[in-house]
Structures are given as C-alpha cells and as structure tokens.
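# Coordinate analysis (summary)
Chain by chain, the residues:
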Amino acid sequence: MTTETNSVLNSVKEAFAPVTEAFTKLQNLEVPEAAREFVKKQAEAAKTRAADAYAGSEKVTNVIETAVAGSVTEAAKISRNIQQALYQDAEAFFAGIDKLASAKSLSEAAQIQSELVRARGELFVSRAKATTEYLGKLVTDGAKTAQDNFAKVYSKTA
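The paragraphs below set out a description of the structure included in this document.

Rules behind the numbers
- Residues numbered from 1 in each chain as written.
- Predicted model: local features only at pLDDT ≥ 70, side-chain atom pairs only at ≥ 80, totals over all residues.
- Heavy atoms only, no water.
- Salt bridge = Lys/Arg side-chain N within 4 Å of Asp/Glu carboxyl O.
- Helix = DSSP H or I, 4+ residues; strand = E, 2+ residues; numbered from the N terminus.
- Buried < 20%, exposed > 50% of the residue type's maximum accessible area, 1.4 Å probe, protein only.

### Points about the pattern of salt bridges
Two side chains bearing opposite charge may form a pair once their charged atoms approach each other closely. The final tally for this structure, using the stated rule, is 4 salt bridges. A salt bridge links Glu 37 to Lys 40, with the shortest nitrogen-to-oxygen separation between them at 3.9 Å. Here Glu 37 pairs with Lys 40, and both are found in helix α2 (residues 33-101), just 3 residues apart, close to one helical turn. What makes Lys 40 exposed here is its relative accessible area of 54%. What you see here is one network of salt bridges that share partners, running through Asp 89, Arg 120 and Arg 127.

### Observations regarding the environment of Gln 113
Tracing the backbone through its elements, the reader meets Gln 113 in helix α3 (residues 106-157). Note on Gln 113: relative accessible area 36%, which makes it partly exposed. Along the backbone, Gln 113 and Ile 97 are 16 residues apart, and their C-alpha atoms lie at a distance of 9.3 Å.

As structure tokens, this is what we get:
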C-alpha cells in the first residue's frame, strides 16, 4: 500500500506541477512601472475628487447655515412685531374703555366709539400695508440671497 500511496501522490504532484510552478512565478512577477504609475495617478485623482466633494459639501452647508440663520432672525423679528402689535392693541382697547367710561352722554359715547372704530380701521390698514411691504421685501431679499448662495456653490464646483 505504501508503494501505491506514493505512486498516487507522485502522480498528483506531477499533475499539479504546472500550477505550482505558475504560482511560484506569479509571486516573483514584477509589476511594470507603467501599471504602478497608473494606479498612483488614479489614487491621486480619487483623492482630489474626494477633497473637492468635501469642499463642495462645506459650501452647501454654509449656504444652508446662512439661509437658516437669516430665517431664524426674520422669524424672531416677526414674533417681536406681533407681540408689540398685541400689546399696542391691548393698550388701545383699555384707553378706549377709559374714554367711553368718561362719556357724559349717550351721544358723546357714540362719538367716542365712532372715533375708536375709525382709528382701529386706520391702524388695520396701516398694518396690512406695512405687512405687505415687509413680506415683499422679505421674499425679494430671500430670493436674491438664495440666488447668490447657489451661484457661489455652483460657480466654484463647476
């Protein structure tokens, strides 16, 4: 059996000898200079593209930050204006009640009430006009800012 086993082993070794020889030569195979240079250039190009992508994402993040910061500032401004208007309305209401309470006759009370209604109407029209102008300016400024920010991002990444 030993002779048969050795014979089979030798046959297998002989059958795989070309494969073994190819693996041995493959390990010692030299990579051509051109191939190494090609891989180096591709790696450098990928590194540059990654850096450009990172810089572009930073620009986009800055644009978003600017837009959000502006929106927060405007939202705070709008909130303050609403609070101020509510306070002014409350003051006007109590001043009107005080005036009505000082009326000595029904006709004087009607006249005071008429003046208060007229003043409230004028104030409403004034606020509506100011709000329309403010929103128009806000939209125009927002569109201009967005256009400028996108121009910054796309002109430098293109």
